[in-house]
Amino acid sequence: MDFGTVIDAALSAALGPQAIVFALAAIGLNVHFGYTGLLNFGQSGFMSIAAFGLAVTVVTWDLPFWLGIIVGMLGAVLLALVLGVPTLRLRADYLAIVTIATSEILRLIFGAVEFKDTFGGSNGLTGFARTYQDMNPYGGGVDLGIVSFSRNDLWSITVGWTLVALSCLLVFALMRSPWGRVLKSIREDEDAVRSLGKNVFAYKMQALVLGGVFGGLAGIFHILKQGSAVPTDFNTTFTFYAYAALLVGGAARVFGPVVGSMIFWFLIAGIGSFFSQATSGADPLLPDWLMTNTQASLIRFILLGLGLMLLMIFRPQGIFGDRREIAIDGR
Amino acid sequence: MAAELSEARAALAGVSNEPGAPKPDPIVKGSNITRTFGGLKAVDVEHIEIQRGVITALIGPNGAGKTTLFNLLTGFDEPNEGDWSFNGKSLAKVPAYKVARRGMVRTFQLTKVLSKLTVIENMRLGATGQRGERFFSAAFKSLWSSQEDANTTRADELLARFKLDAKREDFAGSLSGGQRKLLEMARALMVDPELIMLDEPMAGVNPALKQSLLGHVKSLRDEGRTVLFVEHDMDMVRDISDWVIVMAQGQIVAEGTPKSVMADQRVIDAYLGAHHDTDITEIDVADLEAEAEAELVAEAEENKS
């Protein structure tokens, strides 16, 4: 058992591009669910529409990279508007149903054989990230002793954490303002907000668009860091992992989704590496009859579920949450 | 103010006691308002007028349509038909938030405080026309901080007036039922409404707090606002209202000053007497008082002749 490898795997996941994608997506969910109380179960839909907006613009239509970024982000905004108009006047559950369905519809359309010429079918699209890769100023990778990153990852980490920092700054500035106060009030009781002369529908729509834009950023960053846009990446599991990350960190807290994503990936990668080592080799730590190598890659998700349950029981407010707020719900 | 108040009250003296009677200076005027739930006509109001500058009570048995009428007037529910106006401008099909902006603000039967916001944040939310509530200026504190300070000063004054200043930084969810009623009323005042509509302000409030709540409602009128409230507490109705409208089965069945309404046989039949599920003593008191009043009237008549 080499614990250095376990720590390396855990840290490179927690600091690496994958955690950044989840942090961005979870920041969006934090605006939706944490602050406004909107149940968006289709964050992967906002990601996929922005990702394919960029990929299709650059690869299929052969247009400039930056135009692709704009198309992708506009796609996320448009999706928020289309989803919001029919559902935001209704009860919260309707948005949940519509968003999860829409994200699946989008994923299936992007992967459909019929649209292979546009979206590339199940293999997706590649070759849109050249401008992004050419901007990489680093000469090589970096080795920090216990953790190391390749040249590409180093560039993605720089861009990604900058995006996360700017997003957090924006969320912080907005949520301390009277605008943020209206959102939090809508989360508590929208009729009370209405009775005080606020246009609740407009605020919910603004929140849906803002969170969707963060989701779109996550999608674009996701395909840029790996250089390919694959439809199956944007399945519903993604949304739920992002929710898990948000709840671990603490909803309605600026750094909740960021720290939550880092912890989420630290644990997923660390536990995965631990069990993979514990079940492999000539004389494995865990005997074959107890756990095989194939099972080892799945056990982490079982532990993840268990951990989420324990979190909800013993620290329902997440890491950054305020215990007093939860106490109010218990009354 | 005091002169205006006595004028407004005096003006009511000449108003007939018929349901839907026209008032000399109505702030709200509505006609033919109906709302059906399935086959049930919850509200079927032929005509209603609310006098400006006084306290009007809306009473009636459970299920009479009082709260539904509240919801309709404030845009929280849509009527099947009907038109009503506030300050002469029609309010039919106007969404709830616009109704509030025009100066007609309501509270709720089950108080709606925002539990996870502090008391002072609840108050600040009430202020209208906040620059910081617009998305594009929200991110820049310098654009809204001075306005926020002014709102906070006003909120603190109101909190002091409603004796909630000690709770300023507490979560609203930690307040008692009575304090929540106070907070909701104070928050509604942040909107600076002309007409404030209170839905059962006394429900679930202990006797000591009731007295101070009564004082607060009176002070709303004394500072020139119009008050319309729904209440089952007959003591409160008798004590503070200038005019009483009685509803039963969705319709207005009687109107008048508190005294005349409580002596009205139709009201006793529809509400006070037919109200089997309320406290026996309450009905007894009302009956006894009505009897006593009737006797007095009879005596006076005798003395005249």
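Quantities reported herein were computed from a predicted structural model and do not represent experimental measurements. (Residues numbered from 1 in each chain as written. Chains lettered and ligands numbered in written order. Predicted model: local features only at pLDDT ≥ 70, side-chain atom pairs only at ≥ 80, totals over all residues. Heavy atoms only, no water.)

*Asks:* Let's hear about the overall build of chain B: which residues, and what values?
*Replies:* Each helix and strand counted, chain B has twelve helices and ten strands in total. Within the span of chain B, comprising 305 residues, buried residues form 52% of the whole. A separation threshold of at least 6 residues defines the contact pool for chain B, and within that pool the share at least 24 residues apart is 67%. Counting every atom, chain B has about 13500 Å² of accessible surface; 51% of that belongs to carbon and sulfur. (Helix = DSSP H or I, 4+ residues; strand = E, 2+ residues; numbered from the N terminus. Buried < 20%, exposed > 50% of the residue type's maximum accessible area, 1.4 Å probe, protein only. Contact = heavy atoms within 4.5 Å. Areas by Shrake-Rupley, 256 points an atom, 1.4 Å probe, with all protein chains shown as cover.)

*Asks:* Any details on the overall build of chain A? Residues and values, ideally.
*Replies:* Helix and strand counts for chain A stand at 15 helices and four strands. Overall, chain A is about 70 × 55 × 40 Å in size when its C-alpha atoms are taken along their principal axes. Looking at the 331 residues of chain A, the share that counts as buried comes to 51%. Residue pairs in contact within chain A that sit at least 24 positions apart in sequence constitute 74% of those at least 6 positions apart. Approximately 14200 Å² of chain A is accessible, and the part contributed by carbon and sulfur atoms is 67%. Positive and negative side-chain charges in chain A, numbering 20 and 20 respectively, have mean positions lying 12 Å apart. (Lys, Arg positive; Asp, Glu negative; His and termini not counted. Charge placed at Lys NZ, Arg CZ, Asp CG, Glu CD.)

*Asks:* An account of the pairing of strand 8 (residues 226-230) of chain B is needed here, citing residue identities and associated values.
*Replies:* Residues and elements named next belong to chain B. Of all five residues in strand 8, five are buried, a share of seventy percent or more. Of the two faces of strand 8, both are covered, the one formed by Thr226, Leu228 and Val230 as well as the one formed by Val227 and Phe229. Where strand 3 (residues 55-59) lies against strand 8, four bridges are found, and the strand directions are parallel. Residue pairing across strands places threonine 56 opposite leucine 228, the latter belonging to strand 8. As paired elements, strand 7 (residues 195-199) and strand 8 share five bridges and run parallel to each other. (Pairing = 2+ DSSP bridges.)

*Asks:* Requested: an account of the interface of chain A and chain B, with residues and values cited.
*Replies:* Between chain A and chain B, the contact holds 31 residues from the first and 37 residues from the second. For the chain A and chain B pair, buried surface summed over both sides reaches about 3100 Å², with 63% attributable to carbon and sulfur atoms. On inspection of chain A and its partner chain B, the count reaches four salt bridges. Put simply, glutamate 148 of chain B and arginine 181 of chain A hold a salt bridge, and the shortest N to O gap is 2.8 Å. Per element, the largest residue contribution to the side of chain A that touches chain B is eight residues, and it comes from helix 9 (residues 178-188) of chain A. In terms of residue class, the side of chain A that touches chain B is made up of eleven nonpolar, six polar and 14 charged. (Buried area = accessible area lost by both parts, 1.4 Å probe. Salt bridge = Lys/Arg side-chain N within 4 Å of Asp/Glu carboxyl O. Nonpolar A, V, L, I, M, F, W, Y, C, P; charged D, E, K, R; others polar.)

*Asks:* Explain a nonpolar patch on the surface residue by residue, including any values.
*Replies:* Residue and element names in this part refer to chain A. Together, Trp61, Leu63, Leu67, Ile70, Val71 and Leu74 give the surface a local cluster of nonpolar side chains, amounting to about 540 Å² of exposed area. Among the secondary structure elements, isoleucine 70 is positioned in helix 4 (residues 65-87). Here isoleucine 70 falls in the partly exposed class, since its relative accessible area comes to 49%. (Patch = residues over 30% accessible without salt bridge, like charges linked within 9 Å, V, L, I, M, F, W, Y side chains within 5 Å.)

*Asks:* Provide a residue-level description of empty space enclosed by the protein, including the pertinent values.
*Replies:* All names here are of chain B. For the structure on display, the rule yields three cavities of 30 Å³ or more. Roughly 40 Å³ of internal volume is contained in the second largest cavity. Looking at the second largest cavity, the residues that line it are Thr107, Lys181, Glu184, Met185, Leu198, Asp199, Glu200 and Pro201. Broken down by secondary-structure element, the contributors of at least two residues to the lining of the second largest cavity are helix 7 (177-190) and strand 7. A total of three residues in the lining of the second largest cavity trace back to one element, the largest contributor, which is helix 7. (1 Å grid on protein atoms, 1.4 Å probe; cavity = no way out; pocket = protein on both sides within 12 Å on 5 of 7 lines; lining within 4 Å. Points joined across faces, edges and corners; volume = space filled by probe spheres on them.)

*Asks:* Describe the pairing of strand 10 (residues 251-256) of chain B, and please don't skip the residues or the numbers.
*Replies:* All names here are of chain B. Of the strand pairs in this sheet, strand 9 (residues 243-248) and strand 10 are connected by five bridges, and their pairing is antiparallel. Counted as the bridge partner of valine 246 is alanine 254 from strand 10. The hairpin turn running from strand 9 into strand 10, its antiparallel successor, is two residues long, and glutamine 249 in that turn takes a positive phi close to 50°.

*Asks:* Requested: an account of the sheet that holds strand 1 (residues 26-37) of chain B, with residues and values cited.
*Replies:* All names here are of chain B. Taking strand neighbours across the sheet as the criterion, the four strands line up as 2-1-4-5 in an open arrangement whose pairing is antiparallel. Both edges of this open sheet fall to strand 2 (40-51) and strand 5 (89-90), since each of them pairs with a single strand only. Summarising the sheet, strand 4 (residues 81-86) and strand 5 pair through two bridges and their orientation is antiparallel. In the strand pairing of strand 5, phenylalanine 86 is matched with lysine 89. Contacting strand 1, strand 2 and strand 4, helix 2 (residues 66-73) crosses the sheet at an angle of about 65° to strand 2. (Axes fitted to C-alpha atoms, helices over the stretch in contact; angles between N-to-C directions.)

*Asks:* Describe the nonpolar core, and please don't skip the residues or the numbers.
*Replies:* General note: in soluble globular proteins, nonpolar side chains tend to be found buried as a group. Among the nonpolar cores identified, the biggest contains 138 residues, and Leu54 and Phe128 of chain A together with Phe229 of chain B are the most heavily contacted of them. Tallying contributions element by element places helix 11 (residues 200-226) of chain A first for this core, with 13 residues. In contact with leucine 54 of chain A, other than residues within four places in its own chain, are Phe65, Gly68, Ile69, Gly72, Phe128, Ile220, Ile223 and Leu224 of chain A. Membership of the second largest hydrophobic core comes to 32 residues, among which are Ala64, Phe86, Leu91 and Val99 of chain B. (Core = buried A, V, L, I, M, F, W, Y, C linked by side-chain atoms within 4.5 Å.)

*Asks:* Can you tell me about the packing of aromatic side chains, naming the residues and giving the values?
*Replies:* Residue and element names in this part refer to chain A. The tally for this structure, following the rule as stated, stands at 21 aromatic pairs over all chains. The interplanar angle of 55° and the centroid separation of 5.5 Å between the aromatic rings of phenylalanine 41 and phenylalanine 240 together place this pair among those described as tilted. A residue pair is termed long-range when its members are at least 10 positions apart, and phenylalanine 41 in the loop between helix 2 (17-35) and helix 3 (43-60) and phenylalanine 240 in helix 12 (residues 236-249) qualify at 199 residues. Among the residues examined, phenylalanine 240 registers a relative accessible area of 37% and is labelled partly exposed. (Phe/Tyr/Trp six-rings, centres within 6.5 Å; stacked < 30°, edge-to-face > 60°.)

*Asks:* Tell me about the side chain of glutamine 51 of chain B, and name the residues and values.
*Replies:* All names here are of chain B. With respect to the secondary-structure elements, glutamine 51 resides in strand 2. In this structure the side chain of glutamine 51 is engaged in a polar contact, spanning 3.0 Å, whose partner is the backbone nitrogen of aspartate 25. Excluding its chain neighbours within four sequence positions, the residues that come into contact with glutamine 51 are Ala8, Ala11, Leu12, Lys23, Pro24, Asp25, Pro26, Ile27 and Thr226. (Polar contact = N/O pair within 3.5 Å; in protein donor to acceptor, adjacent residues only side chain to side chain.)

Functional significance is not addressed by these values, which are geometric in nature.
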